[in-house]
Amino acid sequence: MNNRESIREKSIVIIGFMGVGKTTVGELVAKKLYRDFIDIDRVIENSFNIPIVDVFKLIGEKSFRQKEKEIIKEYCAQKLKVISLGGGAYLQEDIRKVTLENCIVIFLDITWESWKERLNIIIDSRPVLHGKTMEEIEELFYKRQGIYKSHHSKLETDNLNTIDIADFIVESLKIAYEMYDPN
Ligand SMILES: Nc1ncnc2c1ncn2[C@@H]1O[C@H](COP(=O)(O)OP(=O)(O)O)[C@@H](O)[C@H]1O
Ligand SMILES: O=C(O)C1=C[C@@H](OP(=O)(O)O)[C@@H](O)[C@H](O)C1
Ligand SMILES: [Mg+2]
């Protein structure tokens, strides 16, 4: 397959800090593009038939990260998917490599000021945040910003709703497809 064919078929991977909207937006983008939507956390939840919080309790974070890596590698080898990662997946170099080499990686960004307003609606389902002070969560937020710098495209999501974010992504993709594969 040549490059012209491959850009339109590349799977789209959505990255960013937990709670930024990867799962919600990824699902909307997939619908708009008539593609399959894969949320890596949902795949893991379905394989254990329990929520991520309980997966962490059952197998621990280390085994969760291993499973997350295997599943991401499997789906990134496939074309025409929209794949939302968990926010910690990108900590693994193997995952950064496989996604950047095979897919279009879109980073959903948010400022700390906007993100902290969302904390109360996500905290129960995000085990990584449990037992941390606000200062520790802020430190994690800024530490993670560094790893998300490796991406193909970035979108600032402050003050945008999920529908607008999904529309923006789809429109940007159309422009990129026209630019790199005009026929
Ligand atoms: N742009 C947004 N504006 C307002 N609420 C949002 C936005 N994006 C996501 N949310 C809300 O934040 C929560 C986490 O969204 P989710 O898609 O699960 O994020 P992620 O997969 O990045 O952890 C959900 O309740 C979702 O409705
Ligand atoms: O950032 C993280 O370490 C995690 C993020 C979560 O996904 P979301 O980013 O979709 O919340 C989920 O994979 C798990 O709770 C760990
Ligand atoms: Mg998610």
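Going by what an unreviewed UniProt entry lists, the chain is known as Shikimate kinase and is assigned to Neobacillus ginsengisoli. Within the UniProt record for the chain, the comment given under Pathway (unreviewed entry) is "Metabolic intermediate biosynthesis; chorismate biosynthesis; chorismate from D-erythrose 4-phosphate and phosphoenolpyruvate: step 5/7." Its UniProt record, at the heading Sequence similarities (unreviewed entry), says of the chain: "Belongs to the shikimate kinase family."

J.: For this particular structure, what's the right way to read a negative patch on the surface?
T.: Taken together, the side chains of Glu113, Glu135, Glu136, Glu138 and Glu139 make up a negatively charged region of the molecular surface. Take the negative patch: its biggest share by element is four residues, from helix 7 (residues 134-147). With respect to the secondary-structure elements, Glu113 resides in helix 6 (residues 112-122).

J.: Just checking my understanding: could you explain the UniProt feature "binding site: substrate" (unreviewed entry) in the chain for this structure?
T.: UniProt feature "binding site: substrate" (unreviewed entry): in the numbering of this structure it lies at Asp41, Arg65, Gly87 and Arg144. If you trace the backbone, Arg65 turns up in helix 4 (residues 52-76). Not counting residues within four places of it along the chain, the set of residues in contact with Arg65 comprises Phe56, Gly88, Ala89, Gln92, Val128 and Arg144. Along the chain, Gly87 turns up in the loop between strand 3 (81-84) and helix 5 (93-102). With near-sequence residues (within four places) excluded, Gly87 lies in contact with Gly16, Met18, Lys22, Arg144 and Tyr148.

J.: Quick question: what am I supposed to make of the site of ligand 2 here?
T.: Around ligand 2 sit 14 residues in total, of which Lys22, Asp41, Arg65, Gly87 and Arg126 are the nearest. In the model, an oxygen atom of ligand 2 is placed 3.0 Å from a nitrogen or oxygen of the Gly88 main chain. Note that an oxygen atom of ligand 2 is positioned 2.8 Å from one of the side-chain N or O atoms of Arg144. Expressed as a share of its isolated accessible area of 390 Å², the protein-covered part of ligand 2 is 97%. A class-by-class count of the residues in the shell around ligand 2 yields five nonpolar, four polar and five charged.

J.: Before we go on, may I ask you to explain the site of ligand 1 in this structure?
T.: Near ligand 1 lie 15 residues; those nearest to it are Gly19, Lys22, Thr23, Thr24 and Arg126. One of the backbone N or O atoms of Val20 is found 3.3 Å from an oxygen atom in ligand 1. Between ligand 1 and the protein, one listed contact pairs an oxygen atom with a backbone N or O atom of Gly21 at 2.9 Å. Broken down by secondary-structure element, the contributors of at least two residues to the shell around ligand 1 are helix 2 (22-33), helix 6 and helix 8 (162-180).

J.: Help me out: how do you make sense of helix 3 (residues 40-48) in this one?
T.: Along an α-helix, residues three or four positions apart point the same way, because every turn accommodates 3.6 residues. Taken residue by residue, helix 3 has Ile40, Asp41 and Ile44 as its buried positions. For helix 3, the buried positions fall inside an angular range of 100 degrees around the axis, keeping them on one side. Looking at the buried residues of helix 3, the elements they touch are strand 2 (36-39), helix 4 and strand 3. Positive backbone phi, at 65 degrees, marks Asn49, one or two positions downstream of helix 3.

J.: What exactly am I supposed to notice about the sheet that holds strand 3 here?
T.: Sheet strands pair via backbone hydrogen bonds, and the direction of the pair is either parallel or antiparallel. Across the sheet, which stays open at both edges, the five strands sit in the order 2-3-1-4-5 with parallel pairing between neighbours. Edge positions in the open sheet fall to strand 2 and strand 5 (153-156), since each of these has one partner strand only. Pairs of neighbouring strands in the sheet enclose a mean axial angle of 20 degrees, with direction left out of account. Pairing of strand 1 (residues 12-15) with strand 3, which is carried by three bridges, proceeds in the parallel orientation. What sits directly across from Ile12, in strand 3, is Val82. Packed onto the sheet, helix 3 meets strand 2 and strand 3 and runs at close to 75 degrees relative to strand 2.

J.: I keep staring at the pairing of strand 4 (residues 104-109) and nothing clicks. Help me out?
T.: Side-chain direction in a regular strand flips from residue to residue, so the side chains alternate between the two faces of the sheet. Counting buried residues along strand 4, six of its six residues qualify, which places the element largely inside the surrounding structure. The pairing of strand 4 with strand 5 spans four bridges and is parallel. The residue of strand 5 that forms the bridge with Phe107 is Lys154.

Conventions we followed
Residues numbered from 1 in each chain as written. Chains lettered and ligands numbered in written order. Predicted model: local features only at pLDDT ≥ 70, side-chain atom pairs only at ≥ 80, totals over all residues. Heavy atoms only, no water. UniProt positions renumbered as here; feature names shortened; annotations may be inferred. Patch = residues over 30% accessible without salt bridge, like charges linked within 9 Å, V, L, I, M, F, W, Y side chains within 5 Å. Areas by Shrake-Rupley, 256 points an atom, 1.4 Å probe, with all protein chains shown as cover. Salt bridge = Lys/Arg side-chain N within 4 Å of Asp/Glu carboxyl O. Lys, Arg positive; Asp, Glu negative; His and termini not counted. Charge placed at Lys NZ, Arg CZ, Asp CG, Glu CD. Helix = DSSP H or I, 4+ residues; strand = E, 2+ residues; numbered from the N terminus. Contact = heavy atoms within 4.5 Å. Near = heavy atom within 4 Å. Polar contact = N/O pair within 3.5 Å; in protein donor to acceptor, adjacent residues only side chain to side chain. Nonpolar A, V, L, I, M, F, W, Y, C, P; charged D, E, K, R; others polar. Buried < 20%, exposed > 50% of the residue type's maximum accessible area, 1.4 Å probe, protein only. Arc of directions from axis to C-beta. Pairing = 2+ DSSP bridges. Axes fitted to C-alpha atoms, helices over the stretch in contact; angles between N-to-C directions.

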